[in-house]
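# Reading the structure
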Amino acid sequence: MRVFNNFIYVIFLINILISQNYNYSSEDWYFISCPKSIVAISEDSFNVYFATNNGFYRYDKILEDFQYDYNLSKDNHYHNIRHFYIDKNRGYYWIINNQGIYFKSAVSSIWREMSLVGSRIYSYYEIDDIGSSGEYLWFRSQDELFAYDPYSGLPIDWQQSKSESNMIEWGNSYNGISGNDLDISNYIINGEWDVNFKSIKSKDGLIINITVFMEDRDGNKWYGTDQGYVLKAWRSTNDLEMYSLGLPFEDITEAYFDKYGTWWFAGSRFKRTGLLDHNMYFKNDETPFISAWHEEENTWTHYRLSESEIIENQDINCILRINNYIYFGTMYGVLYYNLYNNEWNILNSDDGLNDSAVWEMIEYNRSIFVATAKGINEISTINQTVIPDTDNIFGEINKYNIYDFSIDSNQLYIVSEVGLIKLDLENGNRVLLSKKHYKSLNIINGLLTASDGSLWMINGMGDERLIKSKVHRYNQCGAYIWSIYNGSASLFNTSTEESWNYNAKDGILGNRIYDINCDQDWVWFISNKGVSFYNWSKYHKKN
């Protein structure tokens, strides 16, 4: 995995995050998440900040890059934000949500809570705007103005503060003045977009609504939207540029990095809940179900259900890319997309698959092996057809549900409902190594591991040794094994038998981790709040 030097960086207070394991620096953790609606915009000398329903993002004015702001987002104050404001006169951050008013200095990690007692404002919902002047912080509630000490949050007498009431610089939030009287109808956007009064509409019918507006100190105009996109007009131009802050959906269960430098993200309700997501009633839904982030160009491509009548289900269980084709294992077959001519197609039981429920895919000798709910199929990558098993290589295996498989040389290791099987792809010999009902496996350099809720190491004779209990999903990188269980992760060194635990205290987004993958440098945690990347080799390769 390449270092993310173009898209998402993490902002840490004084560049250090104290956690349960190490004192991390800013380059150690990177995040991709779903911003949802943008509710407020503010700025300081170096950045433009976007408060969303799912955390904070910022635009670095020097690097001209959007970044997820972990330092602001790691606290719970970003939930249900009504106003976010940076007091430029003093470098103080202010957040107003449905639970309180919070403020802190830009160089502090401690949020203080402000009380409304004695202010004649009785609810946070009564605050329509927040701003500041040379000496005071201000709230506007309907037609009344209220002044406060900008350092303590204590109310200031009107007679003392009224001389600055005409010098207030108000903030920019959806619930304030900046969320009203929005008009972008005089702008144009490159691409197939229609610009309306308070929204833009794509050729496919996707409507994105404008939520808030801010003009920065350089004269650039920023518009937030209800779907995590940012629109920007450079100074006096009439051209709007469109930026995506991140993913258009949460609950990521698949994150796949192809050899062309593109990250593919998708979700599966079935993998999360065991329930099938019947999507026939949502064919007109314009919400993306697959997103691709092209890392080098720092651009996003989103794929929607309405693009083709062939797309019947949005449960993506696995992803595989071979040349110009990207394959998605679904509950309704192998959905595949030609990246050259932008065409969708599908292979299911009508086309020769043993079963349309596809759990995993592996490339092998210009073919794809497909693990289904009823055995294994082979698909040609030349003409995208199911290859009949005329040599009866899979034989009795095609009676069983195949949960996972992995190839080592010409040996195919399979976990199924009858146990762990080793299949020689050269001569078709099959050996039942274990009757345990494993659900996942991995083999690297001859080291075979499998999980049935606990993690086991297995030799060529089928002898099993318990490595670790309480393992839901895992991935193996050399002598190290990363695993997840109940919202936390752990790292195990098979050589020294040392272990380390990781969770939200270290930086992992979300409280439900669905999957985990790693390479020699990075590990990525796939959760209900997005994907968290951690440069684990910096701290563990020396061990």
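Refer to the preceding data block for the structure.
Keep in mind that this is a model prediction, so the values were computed, not measured.

A word on the overall build of the protein. Looking only at helices and strands, the protein features 4 helices and 51 strands. For 543 residues, the compact-globule estimate of 2.2 N^0.38 gives 24 Å, and the C-alpha radius of gyration of the protein, at 27 Å, lies within 12% of that figure. Its C-alpha atoms give the protein principal-axis dimensions of roughly 90 × 55 × 40 Å. Taking as baseline every contact in the protein between residues at least 6 positions apart, the subset at least 24 positions apart corresponds to 48%. Summed over all atoms, the accessible surface of the protein reaches about 23800 Å², with 44% contributed by carbon and sulfur. Across the protein, the centroid of the 45 positively charged side chains sits 5 Å from that of the 70 negatively charged ones.

This brings us to the state of the cysteines. If you walk through the whole model with that rule in mind, you get 1 disulfide. Between the sulfur atoms of Cys-477 and its disulfide partner Cys-518 the distance amounts to 1.9 Å. Across the S-S bond linking Cys-477 and Cys-518, the dihedral sits near 115 degrees, which makes this disulfide right-handed. In this pair, Cys-477 is assigned in strand 45 (residues 473-477) and Cys-518 in strand 49 (residues 513-518), connecting sequence segments 41 residues apart.

Time to look at the nonpolar core. Residues Phe-50, Trp-222, Trp-482, Tyr-502, Phe-525, Tyr-534 and Trp-536 are the most contacted members of the largest nonpolar core, which totals 36 residues. Discounting chain neighbours no more than four positions away, the residues touching Phe-50 are Ile-38, Ala-40, Ile-41, Gly-55, Phe-56, Tyr-57, Arg-58, Tyr-59, Phe-66, Trp-222, Val-230 and Leu-245. Counting 31 residues, the second-largest nonpolar core is a separate cluster that includes Phe-289, Ile-311, Tyr-337 and Met-361.

A separate point is the environment of Leu-63. Mapped onto the elements, Leu-63 comes out in the loop between strand 6 (55-60) and strand 7 (65-69). When its relative accessible area of 54% is taken as the criterion, Leu-63 is described as exposed.

This paragraph deals with the pairing of strand 28 (residues 299-304). In this structure, strand 27 (residues 288-294) lies alongside strand 28, joined through 6 bridges in antiparallel fashion. Among the inter-strand pairings, Ile-290 is bridged to a residue of strand 28, identified as Tyr-303. Turn length for the strand 27-strand 28 hairpin, with the two strands adjacent in sequence and antiparallel, is 4 residues, and the turn residue Asn-298 shows positive phi of about 55 degrees.

So, on to unusual backbone geometry. Backbone geometry places Gln-142, a non-glycine residue, at a positive phi of 55 degrees. Its identity as a non-glycine residue notwithstanding, Asn-342 has a phi of 60 degrees, on the positive side. One can find Asn-342 in the loop between strand 31 (333-338) and strand 32 (343-347).

Calculation rules
- Residues numbered from 1 in each chain as written.
- Predicted model: local features only at pLDDT ≥ 70, side-chain atom pairs only at ≥ 80, totals over all residues.
- Heavy atoms only, no water.
- Helix = DSSP H or I, 4+ residues; strand = E, 2+ residues; numbered from the N terminus.
- Rg over C-alpha atoms; globule rule 2.2 N^0.38 Å.
- Contact = heavy atoms within 4.5 Å.
- Areas by Shrake-Rupley, 256 points an atom, 1.4 Å probe, with all protein chains shown as cover.
- Lys, Arg positive; Asp, Glu negative; His and termini not counted.
- Charge placed at Lys NZ, Arg CZ, Asp CG, Glu CD.
- Disulfide = S-S within 2.5 Å.
- Core = buried A, V, L, I, M, F, W, Y, C linked by side-chain atoms within 4.5 Å.
- Buried < 20%, exposed > 50% of the residue type's maximum accessible area, 1.4 Å probe, protein only.
- Pairing = 2+ DSSP bridges.

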